[in-house]
Amino acid sequence: MSQYQPLQRRILTLPFAFLGLLALIGLYFLIERFVNGMGAVTNLNGGFPWGIWVVYDIVVGTALACGGYALAVTVYVFNKGQYHPLIRPALLASLLGYGLGGLGAIIDMGRWWQFYNLFLPWQMNFNSVMLEVGLCVSAYILVLLIEFLPTVLQKYNAETWLKRLNKVLFFVIALGVLLPTMHQSSLGTMLIAMGWKVHPLWQTLHLQPLLAVLTAFTMGFAIVMFEASLSAVGFRRDPETQLLSGLGRIMVGLIAFYLLIRFGEILLRGKFGLLFAADLASLMFLLETALFAYPVLVLRSASARNSPRALLYGAVSLLLAGALYRFNAFLITLDPGPGYSYFPALPELMVTIGLVAIEIMVFLFVIKTFPVLPRDHKGPASHG
Amino acid sequence: MNRRDFLRASLGSAAAALAPGAVSARENLSPAPQAVGMLFDSTLCVGCKACVAKCKEVNQMPPTPLGDEVYADFAQDLSPQTHNVIKVFRNGSPQTKDSPTDGFAFEKRSCMHCVDPGCVSVCPVTALVKHPVTGIVNYDADACIGCRTCMTGCPYNVPQFDYDNPFGLLHKCEFCNQKGLERIDQGLLTGCAEACPTGATLFGSREALLAEAKRRMALTPGEIYNYPMGDVRAPASHHEKAVPKYQQHIWGEREAGGTNVLHLSAIPFDQLGMPPLGERSYVSISEGVQHGLYSYMALPAVVLGGLTWLVKRNIDEDQEGDEQ
């Protein structure tokens, strides 16, 4: 029998209904966006063409969806098979997160009915970082669908198809490691073209792709730890602490490396003084750095890494850190010049909240009906 | 080569490609051979906004009212209905025109038609195209997907998206040479240059305009100069005026690779709200990084090959382990 099993619980719960309500509100404003134009629901303007729909749904959202990517690298590239039980929920979350990113991109496209131009070779501009992001994200959504297919085939006992798929899956997995590396780095490269509008503390030019990949990677590990800890608490299942503490160790190393590069750049380019400017940017930088540093301090020792609570706190801190890094660079400290300011409108926020609600609803539905979560060895959920 | 060595080698090459220095940025692009441009001399501008009105007439855009006041155009900034605008800049108590202290000045904002345009470089679907001969940056609405990356990539916040129209498109100055208008191809001037009564907006080849700008730099403040109007190469008329105290800086000669629209002023350009740009265009750096990582997809292909090999090996090993 499989090492995975559906979580056999009721689907229609109170939280589920609440999420449904949020989804409906979001959908209402989404309809308004398509009928009356983006101006009817957003605060976008000439200086801030990208608001939370791009920065949260795509720039931050895809990084939060890097769990599948981080685990695939750990399991299949570094051959740490022991982390295998965590991979399906991570893949599902990645699929949903990237699906949301793709959907968010379409919603945010002012001329969405012409989106296919992105895929016409004679329209492509190979100098464009945005093209690379668009193509890679599209391709990666397909790859994630294929990577998740075994779960679906298993549910319907399609053994023959499962065997056929398994023969080619290794190549799909390899693509699933390459594609996020490519487009996550490109999200960073985008900041280079934005030039002087990006605050000097976040404008690192040639280092942008490296920092973007590193933060995506650390956030990937953090989201896996977060999901596993939450489902352990929320559904009273085995906490997979042993596995998670291993991931915690990798995470600490990666963050330390990231911080070294980040501060090295600031020191070498003579931007240290900006940290003490006591303005919004310096405050945001300090907050961001504190959130990055916290998991390193908390999860430094092996004993701390065996505490589920410390792991959860560390993961949450890192998720906030990575999200804030991208929010800061793309939105909060972005300065397109005098006369322009941006804060999301309520309807604009509700669309994003609605989309996230739908994402969580689908996640809950799928883990309750498909064999996604690792088999529980004690607890009430161990059905045959 | 064993697995560990291979892993180290492939990760090493990937890291090297991501590391600074390994990716060489390209040079700035050069001006088009027969680039057309405009020279805006802020010291000549009297703020009459004839250029704003003419631009709207030529490009068939509605005037911007101020509340109920519709007798004139009150456009404050670039917008989907305004491709060209005159802004007033004040410093202290605005008493003397063109004085850096307690002064005021008029400044024109419209597309600068960069020599190395950010919008053209970042657009994923080639909706913004720099004309290879004239250097004019044109917009193709049929290609545009409305992602607005061009707006993030423009150092001057020029492209404006029409958010209030569900089928809106991007709006920017196309030198009155877009499809259906083609004033330059017909040998005419841009609307704004034609309408300007003082020669503050002067049309011509980039080369001739740059020469004119340099000539003005060399003049002595107070001496009388005969300012041309219309096309600098064949002026429609002239007028004599005392030379102001110019800033010794031709905006657009070099900024971020240069622009085809050049600006002169008696007030420092940062005070006029011009962006802090160096000589290097940002997109020459981003394209360098982009092509360093993706040229001929060679690096991705090598990495994919290595990854495929590793993943297959690791999966096979796991399965053998399971069977034993």
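As the structure is a computational prediction, the values presented were derived from the model and not from experiment. (Residues numbered from 1 in each chain as written. Chains lettered and ligands numbered in written order. Predicted model: local features only at pLDDT ≥ 70, side-chain atom pairs only at ≥ 80, totals over all residues. Heavy atoms only, no water.)

**A few points about the overall build of chain A**
And step 1. Helices and strands together make up the secondary structure of chain A, namely 12 helices and two strands.
And step 2. For chain A, the succession of helices and strands along the chain, N to C, is β-α-α-α-α-α-α-α-α-α-α-α-α-β.
And step 3. Expected size for 384 residues packed as a compact globule is a radius of gyration near 21 Å; at 21 Å, chain A falls within 12% of this value.
And step 4. If you line up chain A on its principal axes, its C-alpha atoms span 65 × 50 × 45 Å.
And step 5. Here chain A, with 384 residues, has 62% of them falling under the buried criterion.
And step 6. Long-range contacts, defined here as pairs at least 24 residues apart, represent 80% of the contacts in chain A between residues at least 6 apart.
And step 7. Counting every atom, chain A has about 15,300 Å² of accessible surface; 72% of that belongs to carbon and sulfur. (Helix = DSSP H or I, 4+ residues; strand = E, 2+ residues; numbered from the N terminus. Rg over C-alpha atoms; globule rule 2.2 N^0.38 Å. Buried < 20%, exposed > 50% of the residue type's maximum accessible area, 1.4 Å probe, protein only. Contact = heavy atoms within 4.5 Å. Areas by Shrake-Rupley, 256 points an atom, 1.4 Å probe, with all protein chains shown as cover.)

**Comments concerning the overall build of chain B**
And step 1. When you go through chain B residue by residue, the secondary structure sums to eight helices and 12 strands.
And step 2. Pairs at least 24 apart in sequence give 59% of the contacts found in chain B among residues at least 6 apart.
And step 3. Chain B carries 28 positive and 36 negative side-chain charges, and their two centres are separated by 4 Å. (Lys, Arg positive; Asp, Glu negative; His and termini not counted. Charge placed at Lys NZ, Arg CZ, Asp CG, Glu CD.)

**Quick word on the packing of helix H7 (residues 208-234) of chain A against helix H11 (residues 308-332) of chain A**
Geometry of a packed helix pair, given as the angle between the helix axes and the separation of the axes.
All names here are of chain A.
And step 1. Taken N-terminus to C-terminus, the directions of H7 and H11 make an angle of 145 degrees; their axes are 8 Å apart at the nearest point. When the axes of H7 and H11 are compared, the crossing they make is left-handed. Contacts between H7 and H11 involve Gln 208, Leu 211, Ala 212, Thr 215, Ala 216, Thr 218, Met 219, Ala 222, Ile 223, Met 225, Phe 226 and Ser 229 from the former and Leu 311, Leu 312, Ala 315, Val 316, Leu 318, Leu 319, Gly 322, Ala 323, Tyr 325 and Arg 326 from the latter.
And step 2. Taken together, the residues of the contact of H7 with H11 sort by class into 16 nonpolar, five polar and one charged. (Axes fitted to C-alpha atoms, helices over the stretch in contact; angles between N-to-C directions. Left-handed = near helix turned anticlockwise from the far one by under 90°. Nonpolar A, V, L, I, M, F, W, Y, C, P; charged D, E, K, R; others polar.)

**Remarks on the interface of chain B and chain A**
And step 1. If you look at the interface, chain B gives 65 residues, while chain A gives 62 residues.
And step 2. Between chain B and chain A, roughly 5,600 Å² of surface is buried when both sides are summed, and carbon and sulfur atoms account for 62% of that area.
And step 3. At the junction of chain B with chain A, the criterion picks out one salt bridge.
And step 4. In this structure, A:Asp108 engages B:Arg148 in a salt bridge whose closest nitrogen and oxygen atoms are separated by 2.8 Å.
And step 5. For the pair chain B and chain A, the number of links is 35 residue pairs in polar contact (both at pLDDT 80 or more).
And step 6. Of all the secondary structure elements, the ones that give two or more residues to the side of chain B that touches chain A are helix H1 (3-18), helix H3 (118-122), helix H4 (149-153), strand S7 (160-161), helix H7 (282-294) and helix H8 (298-323) of chain B.
And step 7. At 12 residues, the largest contribution of residues to the side of chain B that touches chain A is made by H8(B). (Buried area = accessible area lost by both parts, 1.4 Å probe. Salt bridge = Lys/Arg side-chain N within 4 Å of Asp/Glu carboxyl O. Polar contact = N/O pair within 3.5 Å; in protein donor to acceptor, adjacent residues only side chain to side chain.)

**Details of the side chain of B:Ser99**
And step 1. By the element assignment, B:Ser99 lies in the loop between strand S3 (96-97) and strand S4 (103-110).
And step 2. Non-local contacts of B:Ser99, meaning those with residues more than four positions away in its chain, are made with B:Phe104 and B:Ile267.

**Concerning the pattern of salt bridges**
All names here are of chain B.
And step 1. A full pass over the atoms with the stated rule returns 19 salt bridges over all chains.
And step 2. Here Asp 116 makes a salt bridge to Arg 26, at a shortest N to O gap of 2.9 Å. Taken together, the positions of Asp 116 in the loop between S4 and H3 and Arg 26 in the loop between H1 and strand S1 (36-41) put the pair 90 residues apart, joining distant regions of the chain.
And step 3. Across the pair Asp 77 and Lys 87 runs a salt bridge whose closest N-O atoms are separated by 3.0 Å.

**Here's the deal with the confidence of the model for chain A**
And step 1. On average, residues of chain A score 92 in pLDDT, and 97% of them reach the 70 mark or higher.
And step 2. Under a pLDDT of 50 for its full length, residues 379-384 of chain A has, in the predicted model, 11 contacts with residues more than four places off or in other chains. (pLDDT = per-residue confidence, 0-100.)

**Some thoughts on the sheet that holds S4(B)**
Two strands in a sheet stick together by hydrogen bonds in their backbones, pointing the same way (parallel) or opposite ways (antiparallel).
Residue and element names in this part refer to chain B.
And step 1. Taken in spatial order, the three strands of this open sheet run S2-S4-S3, and their pairing is mixed. On the outer flanks of this sheet lie strand S2 (84-91) and S3, each paired with one strand and no other.
And step 2. Looking at chain direction, S2 and S4 are connected through eight bridges and run antiparallel. In the sheet register, Lys 87 faces S4, and the bridge partner there is Glu 107. (Pairing = 2+ DSSP bridges.)

**Observations concerning the packing of aromatic side chains**
Residue and element names in this part refer to chain A.
And step 1. Enumeration according to the criterion identifies 23 aromatic pairs over all chains in this entry.
And step 2. Between Tyr 258 and Phe 292 the ring centres are 4.5 Å apart and the planes differ by 40 degrees, which places this aromatic pair in the tilted class. Here Tyr 258, found in helix H8 (residues 241-268), pairs with Phe 292, found in helix H9 (residues 280-298); they are 34 residues apart in sequence, far enough to count as distant. Grouping residues by exposure puts Tyr 258 and Phe 292 together as buried. (Phe/Tyr/Trp six-rings, centres within 6.5 Å; stacked < 30°, edge-to-face > 60°.)

**Quick look at the nonpolar core**
And step 1. Counting residues in hydrophobic clusters, the biggest one holds 167 residues, and the most contacted among them are A:Leu86, A:Trp202, A:Leu247 and A:Ile367.
And step 2. Tallying contributions element by element places helix H6 (residues 159-193) of chain A first for this core, with 15 residues. (Core = buried A, V, L, I, M, F, W, Y, C linked by side-chain atoms within 4.5 Å.)

**Remarks on unusual backbone geometry**
And step 1. Its identity as a non-glycine residue notwithstanding, A:Ala278 has a phi of 55 degrees, on the positive side.
And step 2. Backbone geometry at B:Asp102 places phi at a positive 45 degrees, although glycine is not the residue there.
And step 3. Position of B:Asp102 relative to the elements: it lies in the loop between S3 and S4.
And step 4. Overall, B:Asp102 belongs to the partly exposed group, its relative accessible area being 34%.

**Here we look at H7(B)**
Residues and elements named next belong to chain B.
And step 1. The end-to-end C-alpha separation of H7 is 18 Å, in line with the 18 Å expected for 13 residues at 1.5 Å each.
And step 2. Among the 13 residues of H7, 10 are classified as buried, and the element is accordingly described as predominantly covered.
And step 3. Within H7, the full set of buried residues consists of Val 283, Ser 284, Ile 285, Ser 286, Glu 287, Gly 288, Val 289, Gln 290, Leu 293 and Tyr 294.
And step 4. Phi turns positive one or two residues past the end of H7, at Tyr 296, with a value near 55 degrees. (Expected span 1.5 Å × (residues − 1).)

**Considering the side chain of B:His83**
Residues and elements named next belong to chain B.
And step 1. Note that His 83 resides in the loop between helix H2 (50-58) and S2.
And step 2. On the basis of relative accessible area, His 83 is assigned to the buried category, the value being 10%.
And step 3. Within polar-contact distance, the side chain of His 83 engages the backbone oxygen of Lys 172 at 3.3 Å.
And step 4. The residues contacting His 83, other than those within four sequence positions of it, are Cys 55, Asn 59, Met 61, Leu 78, Arg 109, Ser 110, Cys 111, His 171, Lys 172 and Cys 173.

**Examining a nonpolar patch on the surface**
Residue and element names in this part refer to chain A.
And step 1. Together, Phe 18, Leu 21 and Ile 25 make up an exposed nonpolar region whose accessible area comes to about 280 Å².
And step 2. Mapped onto the fold, Ile 25 is located in helix H1 (residues 14-36).
And step 3. Judged by relative accessible area, which is 30%, Ile 25 ranks as partly exposed. (Patch = residues over 30% accessible without salt bridge, like charges linked within 9 Å, V, L, I, M, F, W, Y side chains within 5 Å.)

**Comments concerning the pairing of strand S9 (residues 201-205) of chain B**
Residues and elements named next belong to chain B.
And step 1. S9 sits mainly inside the fold: five of its five residues count as buried.
And step 2. Pairing analysis gives five bridges linking S1 to S9, with the strands arranged antiparallel. Across the sheet, residue Phe 40 finds its bridge partner in S9, namely Thr 201.

**Details of the environment of A:Leu12**
Residues and elements named next belong to chain A.
And step 1. One can find Leu 12 in the loop between strand S1 (4-5) and H1.
And step 2. On the accessibility criterion, Leu 12 (61% relative accessible area) is exposed.
And step 3. Spatially, the C-alpha atoms of Leu 12 and Leu 210 are 43 Å apart, while their sequence positions differ by 198 residues.

**Notes on H6(A)**
Note: α-helices contain 3.6 residues per turn, so residues at a spacing of three or four share the same orientation.
And step 1. In this model, H6(A) (35 residues) spans 49 Å end to end at C-alpha, consistent with the 51 Å of a helix rising 1.5 Å per residue.
And step 2. At A:Val168, H6(A) shows its maximal kink, close to 50 degrees. (Bend = angle between axes of the 7 residues up to and from the residue.)

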